[in-house]
Amino acid sequence: MAVCIGVIAKENYPLYIRCAPNVENEVNFHFTVHTSLDVIEEKVASLGKSTSISTTDLREFYLGQLYPSEDYRIYGYVTNTKVKFVIVVEAANTQLRDNEVRSMFRRLHNAYTDVICNPFHVPGDKIKSKSFDSVASSMIVPERKKENPLVI
């Protein structure tokens, strides 16, 4: 499960950022999402230069793990319109496989496509869709309940 999900526009401004409800310092995740944009740009540029167009699968938008940090792993995904998706996962979560992260990005991309296809959505505006928010919320780590100490 993700700790933070970000959707970044082609011009590198945030369209949507959502963090887990039990996160102490949400600003750090905003910073992490924005710093991952440099790595995304490098990976996209290197994909275009290193392979020829005929051998490149242009439908593959998953960039994989962008970089690990001490506590988190950051994954990236780019659409054909250069909209970027970033998912931050706890490093302690060793159960999460690469194909599960891919499916999370696919669900997020499908939800984003539904938002963009809405005739009342203005392209470039922040995402305010309840259906998109529910898809993103389903991927976020649920809030942990604090145990009450036993009073004797």
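Everything below is about the structure shown above.
Figured I'd write up the structure that's included with this text. Since the model is a prediction, treat every value here as computed from it, not as a measurement. (Residues numbered from 1 in each chain as written. Predicted model: local features only at pLDDT ≥ 70, side-chain atom pairs only at ≥ 80, totals over all residues. Heavy atoms only, no water.)

## Section: the overall build of the protein chain
Okay, so step 1: What the protein chain contains, in helices and strands, is three helices and five strands.
Okay, so step 2: The linear arrangement of helices and strands in the protein chain, starting from the amino end, is β-β-α-β-β-β-α-α.
Okay, so step 3: For the protein chain, the proportion of its 152 residues judged to be buried stands at 38%.
Okay, so step 4: Contacts in the protein chain between residues at least 24 apart in sequence constitute 57% of all its contacts with a sequence separation of at least 6. (Helix = DSSP H or I, 4+ residues; strand = E, 2+ residues; numbered from the N terminus. Buried < 20%, exposed > 50% of the residue type's maximum accessible area, 1.4 Å probe, protein only. Contact = heavy atoms within 4.5 Å.)

## Topic: the nonpolar core
Okay, so step 1: If you look at the biggest cluster of nonpolar residues, it comprises 46 residues, and the most contacted ones within it are I5, V7, F105, Y112, I127 and F132.
Okay, so step 2: Counting residues per element, this core draws most heavily on helix 2 (residues 98-117), which supplies seven residues.
Okay, so step 3: If we skip the residues at most four places from it in the chain, F105 touches Y62, Y75, G76, Y77, F85, V86 and I87. (Core = buried A, V, L, I, M, F, W, Y, C linked by side-chain atoms within 4.5 Å.)

## Let's talk about the pattern of salt bridges
Okay, so step 1: A full pass over the atoms with the stated rule returns two salt bridges.
Okay, so step 2: For the salt bridge of R18 with D133, the shortest nitrogen-to-oxygen distance reads 2.9 Å. With a gap of 115 residues between them, R18 in strand 2 (residues 14-19) and D133 in helix 3 (residues 130-139) connect regions that are remote in the sequence.
Okay, so step 3: Here E41 makes a salt bridge to K84, at a shortest N to O gap of 3.6 Å. Taken together, the residues span a long stretch of sequence, with E41 in helix 1 (residues 26-50) and K84 in strand 5 (residues 84-90) at a distance of 43 residues.
Okay, so step 4: Take K84: its relative accessible area is 3%, and that puts it in the buried class. (Salt bridge = Lys/Arg side-chain N within 4 Å of Asp/Glu carboxyl O.)

## Let's talk about helix 2
Okay, so step 1: Look at helix 2: 29 Å from first C-alpha to last across 20 residues, which is about the 28 Å you get at 1.5 Å a residue.
Okay, so step 2: Among all positions in helix 2, only V101, M104, F105, L108, H109, A111, Y112 and V115 are buried. Each buried residue of helix 2 sits inside an arc of 165° when the element is viewed along its axis, so together they form one side. Across from the buried face of helix 2, at angles greater than 90 degrees, the exposed residues are N110, D114 and C117.
Okay, so step 3: Each element contacted by the buried residues of helix 2 is listed here: strand 1 (2-8), strand 2, strand 3 (62-68), strand 4 (72-78), strand 5 and helix 3. (Expected span 1.5 Å × (residues − 1). Arc of directions from axis to C-beta.)

Spatial relationships are all this shows, so hold off on functional conclusions.
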